Amino acid sequence: MPRIVYVNGEYVNEKDAKVSVFDRGFLFADGVYEVTTVLDGELIDNDAHLARLRRSLGELDMAEPCPPEKITEIQRALVQKNSLSEGLVYLQVTRGAADRDFAYPKDAEPTLVLFTQEKSIADNPTAKTGIAVITTPDIRWARRDIKTVGLLAPSMAKMEAVNAGADDAWMVDGDGFVTEGSSNNAYIITQDGAIVTRALSNAILHGITRRAVLALAQEADMRIEERKFTVSEAENAVEAFITSASSFVMPVVSIDGRQVGSGKPGPMTNRLRQLYIDMARKSARPAA
Ligand code: PDD
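First things first, this report covers the structure right here in the doc. (Residues numbered from 1 in each chain as written. Predicted model: local features only at pLDDT ≥ 70, side-chain atom pairs only at ≥ 80, totals over all residues. Heavy atoms only, no water.)

### Structural notes on the packing of helix 6 (residues 208-219) against helix 8 (residues 267-284)
Heads up, the condition is: The angle between two axes is taken between their N-to-C directions and runs from 0 to 180 degrees, where each axis is a line fitted to C-alpha atoms and a helix contributes only its stretch in contact. Helix and strand assignments follow DSSP, with helices taken as H or I runs no shorter than four residues and strands as E runs no shorter than two, numbered in order from the N terminus. For classification purposes, angles smaller than 35 degrees are called roughly parallel, those larger than 145 roughly antiparallel, those between 65 and 115 roughly perpendicular, and all remaining angles oblique. Should any heavy atoms of two residues lie within 4.5 Å, those residues are considered in contact. Note that Gly is not counted as nonpolar here; it falls among the polar residues with everything else outside the nonpolar set of Ala, Val, Leu, Ile, Met, Phe, Trp, Tyr, Cys and Pro and the charged set of Asp, Glu, Lys and Arg.
Taken N-terminus to C-terminus, the directions of helix 6 and helix 8 make an angle of 110 degrees; their axes are 10 Å apart at the nearest point. Taken together, the axes of helix 6 and helix 8 lie roughly perpendicular to each other. In this structure, helix 6 contributes Thr209, Ala212, Val213, Leu216 and Ala217 to the contact, and helix 8 contributes Leu272, Leu275, Tyr276 and Met279. Split by residue class, the contact of helix 6 with helix 8 holds 8 nonpolar, 1 polar and no charged.

Structural data, given as structure tokens:
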């Protein structure tokens, strides 16, 4: 079944959706995006995603295509039109179409595109076995806090992982510290039970799932250390995991071919995953 997608004010069949060849998203990766989870037909933590969108736009002096309430309306309409129960709503804003010029155009209208994608997230069977990651130098630009569509470096990292028979790549800065996964935040759990994840800065994306998971961990009296960790510290960890809107909390069971802890998803990771899913389902069905 072809999807109904949204392009600049119109709901159209995906085959009829069009964006200009002069669009700066296409020519300069001059655009930002957000991915919101849909669970039980509801948007999860969407206000936080739209707040981050506003921040990304602001950092790039890019105009807001419309108020956040209107975006939410479009997201909900797409979920409904495509009968989406579980998956993702992708949204992208670019600076718009203009003659090719490195300077920002003065009068371009922002382009707004949204589409849905079906995906099993809460019941993803991979959560039972965990994923394998490799490590690779982080060759991305220096403003990773802005969620831009310039995703070639993480795409290369992901392909390096796939070609090595792994599932994802953890990117490593010039000093040997892990920044984050190709499209997720990275965590380890130390021998003495602390959850360690890199502190917020321009070096990583400020994950919406990260924020929610750390709040849940704190409520559950788990110890959190927001600091850098090296690859060798990760290899000596008892557990490791990633978080994102498209994976929630996903166990990492090997790093560069070396087993993490028991080589199976660990108890703290499993607990955090369950806490997050319970919280998300509750927010999807507030009356239940
Ligand atoms: N990626 N770090 C990076 C580099 C990311 O691309 C993402 C999200 C995250 C996690 O952020 P959040 O918890 O807000 O999803 C961290 C999305 C899912 C993507 O590109 O598809």
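### Quick notes on the packing of aromatic side chains
Convention followed: Stacked, edge-to-face and tilted labels apply to pairs of Phe, Tyr and Trp rings (six-membered ring for Trp) whose centres lie within 6.5 Å, assigned for plane angles under 30 degrees, over 60, and everything in between, in that order. Two limits define a charge over a ring: the Lys NZ or Arg CZ must be within 6 Å of the ring centre, and within 35 degrees of the ring normal.
Tallying each qualifying case throughout the model produces 7 aromatic pairs. Aromatic pair tryptophan 170 and phenylalanine 229: ring centres 5.9 Å apart, planes at 65 degrees, arrangement edge-to-face. Here tryptophan 170, found in strand 8 (residues 168-172), pairs with phenylalanine 229, found in the loop between strand 12 (223-226) and helix 7 (231-235); they are 59 residues apart in sequence, far enough to count as distant. Every member of this aromatic cluster is reached through a ring pair, and the members are Tyr33, Tyr90 and Phe115. Stacked on the ring of tyrosine 104, the Lys or Arg arginine 95 has its end atom at 3.3 Å from the ring centre.

### Brief notes about the site of the ligand
Put simply, the rule reads: It suffices for a single heavy atom of a residue to lie within 4 Å of a molecule or strand for the residue to be listed as near it. Identification of polar contacts relies on pairs of N or O atoms within 3.5 Å, with a donor-acceptor requirement for protein atoms, meaning one able to donate a hydrogen and the other able to accept it, and with residues adjacent in sequence counted only if both atoms are side-chain atoms. Here the open area of atoms and residues is found with the Shrake-Rupley method and a 1.4 Å probe, where only the protein chains shown may cover a residue.
Around the ligand sit 19 residues, and of these Tyr33, Glu180, Ile208, Thr209 and Ala245 come closest. Separating an oxygen atom of the ligand from a backbone N or O atom of isoleucine 208 is a distance of 2.8 Å. Between an oxygen atom of the ligand and a side-chain N or O atom of threonine 209, the distance comes to 2.6 Å. For the ligand, whose unbound accessible area comes to 480 Å², protein coverage reaches 89%.

### Focus on the layout of surface pockets
We count it as follows: Using protein atoms alone on a 1 Å grid, points that fit a 1.4 Å probe yet trap it form a cavity, whereas open point sets bounded by protein on both sides within 12 Å along at least five of seven lines form a pocket; residues with an atom within 4 Å of a point count as lining. Grid points are joined across faces, edges and corners, and a volume is the space filled by probe spheres set on the points.
The computed volume of the largest pocket comes to approximately 1100 Å³. Every residue lining the largest pocket is counted, 44 residues in all, and those nearest its centre are Tyr33, Ser182, Ser183, Asn184 and Ser246. Contributing elements (two or more residues each) for the lining of the largest pocket: strand 3 (31-39), helix 2 (46-59), strand 5 (87-94), helix 5 (152-163), strand 9 (178-181), helix 6 and strand 13 (239-244). With 4 residues, the single largest contributor to the lining of the largest pocket is helix 5.

### Structural notes on the side chain of arginine 52
Applied cut-off: We call a residue buried when its accessible area falls under 20% of the maximum for its residue type, exposed when it is over 50%, and partly exposed in between, using a 1.4 Å probe and counting protein chains only.
Here arginine 52 shows up in helix 2. Judged by its relative accessible area of 9%, arginine 52 falls in the buried class. Residues within four places of arginine 52 in sequence aside, it is in contact with Glu34, Lys147, Leu205, His206, Gly207 and Ile208.

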